[in-house]
Amino acid sequence: MSESREWLVQWLRDAHAMEEQAETMLNGQLNRIENYPELSERIRQHVQETRQQAARLENCLDRIGQESSTLKDAGGKLTAMAQSLSGVFAGDEVMKGSLASYTFEHMEIASYTILIAAAKSLGEAEVAQVCEENLREEVAMADWLKSHIPTTTEQFLARADSESENAKR
């Protein structure tokens, strides 16, 4: 296998681990958001998209005779659990979660942009197509978060003034 193809495989494994991390992180956030129904619903939808993205990446790896990295997947999940647990102690958990999610979406966007360029360069049209589909979903989620962060902030601040314990969740 050429070195450039090895990089593509490496980056596909990284992206798979990233999606495993995202699912764990989103589920942790979802389990603790009680007072933000619109945010909860969008996260629930994105968890489903994230599972599909990981499955698509797994299929890409299978098609080129490779597997995901169990070690990377486990590391991503452990990191996400630690991130999720740290939010429990934050008085502004929903805001920290929004910030982390928006940031994470942009990391995913960059990762898929790299994968698309690499796949096209190596003539892997199916891999590029899968990554383009994943990229569209990540951009849609980032755009949704960006447009809803002001509303979430306003809701948080209103709750903080009236019902401070419920504001963070």
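Given the structure is predicted, the values throughout are model-derived calculations rather than measurements.

Rules and cut-offs
Along each chain, residue indices are assigned from 1 in the same order as the chain's sequence is written. In keeping with the predicted nature of the model, local features appear solely for residues at pLDDT of at least 70, side-chain atom pairs appear and are counted solely at 80 or more, and the whole-chain, interface and lining totals rest on all residues. The side-chain figures draw on all heavy atoms in the structure; neither hydrogens nor water molecules are used. Under the DSSP-based scheme used, a helix requires at least four consecutive residues in state H or I and a strand at least two consecutive residues in state E, with every element numbered from the N terminus. Whether a residue is buried, partly exposed or exposed follows from its accessible area with a 1.4 Å probe, protein chains only, as a fraction of its type maximum: under 20%, in between, or over 50%, in that order. Contacts are assigned to residue pairs that have any heavy atoms within 4.5 Å of one another. Calculation of accessible area relied on Shrake-Rupley with a 1.4 Å probe; when residues are assessed, cover is drawn exclusively from the protein chains displayed. Take the buried residues of types Ala, Val, Leu, Ile, Met, Phe, Trp, Tyr and Cys, join any two whose side-chain atoms come within 4.5 Å, and each joined set is a nonpolar core. When a carboxyl oxygen of Asp or Glu is within 4 Å of a side-chain nitrogen of Lys or Arg, the pair counts as a salt bridge. To obtain an axis, a line is fitted to C-alpha atoms, over the contacting stretch when the element is a helix, and the angle between two such axes runs from 0 to 180 degrees between their N-to-C directions. In these notes the angle categories are as follows: under 35 degrees is roughly parallel, over 145 is roughly antiparallel, 65 to 115 is roughly perpendicular, and the rest is oblique. The crossing is said to be left-handed when, going from far helix to near helix, the turn is anticlockwise and less than a right angle, and right-handed when the turn is clockwise. The nonpolar class holds Ala, Val, Leu, Ile, Met, Phe, Trp, Tyr, Cys and Pro. Asp, Glu, Lys and Arg form the charged class, and all remaining residues, Gly among them, are polar. Residues form patches when they are more than 30% accessible in relative terms and have no salt bridge. Like charges link within 9 Å. Nonpolar side chains (Val, Leu, Ile, Met, Phe, Trp, Tyr) link within 5 Å. Looking at any residue, its pLDDT shows the predictor's confidence there, from 0 to 100.

Visitor: Pulling in residues and values, what's your account of the overall build of the chain?
Guide: The helix and strand tally for the chain stands at 6 helices and 0 strands. For the chain, the α and β elements follow one another from N to C terminus as α-α-α-α-α-α. Taking all 169 residues of the chain together, the buried fraction comes to 47%. Partitioning the intrachain contacts of the chain with sequence separation of at least 6 by distance along the chain shows that 82% fall at a separation of at least 24. Accessible area for the chain stands at about 8700 Å²; split by element, carbon and sulfur atoms hold 55% of it.

Visitor: Kindly report on the nonpolar core, identifying the contributing residues and their values.
Guide: Ranked by size, the top nonpolar core spans 23 residues in total, and within it Leu8, Leu12, Tyr112, Leu115, Val127 and Cys131 carry the most contacts. Sorting the residues of this core by element identifies α1 (3–30), α2 (37–63), α4 (93–121) and α5 (125–162) as the ones contributing at least two each. Apart from residues no more than four positions distant in its own chain, Leu12 is found in contact with Leu57, Leu61, Ile64, Leu115, Val127 and Cys131. Counting residues in each nonpolar core, the second largest holds 13 residues, with Ile33, Tyr36, Leu39 and Ile43 among its members.

Visitor: Lay out the pattern of salt bridges in plain terms, naming residues and giving numbers.
Guide: Per the stated rule, a full pass over the model turns up 10 salt bridges. Of the charged contacts, one joins Glu133 and Arg56 as a salt bridge, the two residues approaching to 3.2 Å between their closest N and O atoms. A residue pair is termed long-range when its members are at least 10 positions apart, and Glu133 in helix α5 and Arg56 in helix α2 qualify at 77 residues. On the basis of relative accessibility, which here comes to 14%, the residue Arg56 falls in the buried class. One salt bridge in this structure joins Glu126 and Arg63, with 2.9 Å as the shortest N-O distance.

Visitor: Got a sec to walk through the packing of α2 against α4? Specific residues and values, please.
Guide: Interaxial distance between α2 and α4 falls to 14 Å at its minimum, and their mutual angle equals 30°. In this view, α2 runs roughly parallel relative to α4, as classed from their interaxial angle. When you trace α2 past α4, the crossing you get is left-handed. Together, Leu39, His46, Gln53 and Leu57 of α2 and Val94, Ser98, Glu105 and Tyr112 of α4 make up the contact between the two elements. Grouping the amino acids of the contact of α2 with α4 by side-chain chemistry returns 4 nonpolar, 3 polar and 1 charged.

Visitor: Can you break down the packing of α2 against α5 residue by residue, with the values?
Guide: Viewed as axis vectors pointing N to C, α2 and α5 meet at an angle of 165°, and their least axial separation amounts to 10 Å. Between α2 and α5, the crossing angle belongs to the class labelled roughly antiparallel. Our pair here, α2 against α5, has a crossing hand that is left-handed. When its residues are assigned to classes, the contact of α2 with α5 shows 11 nonpolar, 6 polar and 9 charged.

Visitor: Before we move on, can you summarise a nonpolar patch on the surface with the specific residues and values?
Guide: Judged by side-chain polarity, Trp7, Trp11 and Ile114 come together as a nonpolar surface patch covering roughly 300 Å² of accessible area. Within the secondary structure layout, Trp11 lies in helix α1. Look at Trp11 and you get partly exposed, because its relative accessible area is 31%.

Visitor: Describe the confidence of the model for the chain, listing the residues and the values that go with them.
Guide: This prediction gives the chain a mean pLDDT of 87; 83% of its residues lie at or above 70. The secondary-structure element of the chain with the lowest mean pLDDT is helix α3 (residues 70–88), recorded at 51, while α2 shows the highest, at 96.

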